[in-house]
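One-letter residues, chain by chain:
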Amino acid sequence: KNEVEQSPQNLTAQEGEFITINCSYSVGISALHWLQQHPGGGIVSLFMLSSGKKKHGRLIATINIQEKHSSLHITASHPRDSAVYICAVLSQAGTALIFGKGTTLSVSS
Amino acid sequence: SQTIHQWPATLVQPVGSPLSLECTVEGTSNPNLYWYRQAAGRGLQLLFYSVGIGQISSEVPQNLSASRPQDRQFILSSKKLLLSDSGFYLCAWSGGLNYGYTFGSGTRLTVV
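Residues numbered from 1 in each chain as written. Chains lettered and ligands numbered in written order. Predicted model: local features only at pLDDT ≥ 70, side-chain atom pairs only at ≥ 80, totals over all residues. Heavy atoms only, no water.

**Q** Where do I start with the pattern of salt bridges in this structure?
**A** Pairing between side chains becomes possible if they bear opposite charge and their charged atoms approach one another. All names here are of chain A. Under the defined criterion, the tally for this structure stands at three salt bridges over all chains. One salt bridge connects Asp81 with Arg58, and the closest N-O pair in it is separated by 2.8 Å. Of the two residues, Asp81 is situated in the loop between β8 (69-74) and β9 (83-91) and Arg58 in the loop between β6 (52-56) and β7 (59-64); the sequence distance between them amounts to 23 residues. The class for Asp81 is buried, based on a relative accessible area of 7%. (Salt bridge = Lys/Arg side-chain N within 4 Å of Asp/Glu carboxyl O. Helix = DSSP H or I, 4+ residues; strand = E, 2+ residues; numbered from the N terminus. Buried < 20%, exposed > 50% of the residue type's maximum accessible area, 1.4 Å probe, protein only.)

**Q** Mind showing me how you'd approach the sheet that holds strand β8 (residues 73-78) of chain B here?
**A** All names here are of chain B. With respect to topology, four strands assemble into an open sheet ordered β1-β3-β8-β7, the strand pairing being antiparallel. The open sheet terminates on both sides in strands that have one partner only, identified here as β1 (3-7) and β7 (65-70). Recorded for the sheet is a direction-independent mean angle of 20° between the axes of neighbouring strands. Here β1 runs beside strand β3 (residues 19-26); their pairing, made up of five bridges, is antiparallel. Within the sheet, the bridge partner assigned to Ile4 lies in β3 and is Val25. (Pairing = 2+ DSSP bridges. Axes fitted to C-alpha atoms, helices over the stretch in contact; angles between N-to-C directions.)

**Q** Mind showing me how you'd approach the nonpolar core here?
**A** If you look at soluble globular proteins, the nonpolar side chains tend to sit buried side by side. By size, the foremost hydrophobic cluster in this structure holds 24 residues, and its most contacted members are A:Leu32 and A:Trp34. Contributing elements (two or more residues each) for this core: β2 (10-14), β3 (19-25), β4 (29-37), β5 (43-49), β7, β8, β9 and β11 (103-108) of chain A. Within the second largest apolar cluster, 20 residues are counted, among which are B:Leu19, B:Trp35, B:Leu81 and B:Trp93. (Core = buried A, V, L, I, M, F, W, Y, C linked by side-chain atoms within 4.5 Å.)

**Q** So what exactly am I meant to see when it comes to the sheet that holds β7(A) here?
**A** Residues and elements named next belong to chain A. Strand order in the open sheet formed by five strands is β1-β3-β8-β7-β6, and the pairing between neighbours is antiparallel. Because the sheet does not close on itself, it has two edges, and the strands there are β1 (4-7) and β6. Sheet twist, expressed as the average angle between the axes of neighbouring strands with direction ignored, equals 15°.

**Q** How should the packing of aromatic side chains be read in this particular structure?
**A** To describe a pair of aromatic rings, one takes the distance between the centres and the angle between the planes. Under the counting rule described, the total for this entry stands at eight aromatic pairs over all chains. Their ring planes at 25° and their centres at 6.0 Å tell us that B:Tyr34 and B:Tyr36 sit as a pair that is stacked. Take B:Tyr34: its relative accessible area is 1%, and that puts it in the buried class. Ring geometry for B:Tyr101 against B:Phe103: centres 6.4 Å apart, planes inclined by 25°, an arrangement best described as stacked. Taken together, A:Phe99, B:Tyr34, B:Tyr36, B:Tyr49, B:Tyr101 and B:Phe103 form an aromatic cluster joined through their ring pairs. (Phe/Tyr/Trp six-rings, centres within 6.5 Å; stacked < 30°, edge-to-face > 60°.)

**Q** Explain the layout of surface pockets here, please?
**A** Rolled over the atoms, a probe with the dimensions of a water molecule shows which regions are left empty. As a volume, the largest pocket reaches approximately 570 Å³. Taken together, 23 residues line the largest pocket, and the ones lying closest to its centre are A:Ile98, A:Phe99, B:Leu44, B:Gln45 and B:Leu46. In terms of residue count, the dominant contributor to the lining of the largest pocket is strand β5 (residues 44-52) of chain B (four residues). Here the lining of the largest pocket is built from residues that sort into ten nonpolar, eight polar and five charged. In this structure, the second largest pocket encloses a volume near 470 Å³. Surrounding the second largest pocket, 22 residues form its lining, A:Val84, A:Lys101, B:Gln38, B:Gly41 and B:Arg42 being those nearest its centre. Counting only elements with at least two residues in the lining of the second largest pocket, the list comes to β1 of chain A together with β9 (87-94) of chain B. Tallying contributions element by element places β1(A) first for the lining of the second largest pocket, with three residues. Of the residues in the lining of the second largest pocket, the class split is six nonpolar, twelve polar and four charged. (1 Å grid on protein atoms, 1.4 Å probe; cavity = no way out; pocket = protein on both sides within 12 Å on 5 of 7 lines; lining within 4 Å. Points joined across faces, edges and corners; volume = space filled by probe spheres on them. Nonpolar A, V, L, I, M, F, W, Y, C, P; charged D, E, K, R; others polar.)

So, in structure tokens, the structure goes:
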């Protein structure tokens, strides 16, 4: 079993829909990251959080440390949101990120 | 501001040939540097990380090696590439354990 599990693996949506991507992890962590990878491969860091909730534009990330679970929400989705969204955690004992396999999101107009 | 440069963007190499991928960081000092690989259909996997010049830690035994000859330079190498070395290689830097990560644009390596 992977230490970081994401669901769903693939997600299709119509423009304007509310999107939720889930991440569960099995290790104690000091931080959790949400990343976005576009078709060309480049990765952009969206959020780093260790508790509570963060919001940036139409993106919202939440984390529940007790339940070892995080969610990434996209409000009013747009085709330009189409990308792979990756959850990654920094374990308390580790020095580098542990990545989930990613969720491929496709938003059509 | 901090920037990270990674090159080349794509590379096609024959089996048995050597490899050298370079990553440099600007605008920061003493960064933590990382090499990750993303094989087709799989998540990112940590290959090497470095917390300082000449300090390299390897997470996965493999056909690759890494070096950090300067504070802001991180090099991924191989003496003889294997077909299984094909993948997408990403360099990243971080200011420390509780800092965000910045990723390079990646190198897509195809070994033929």
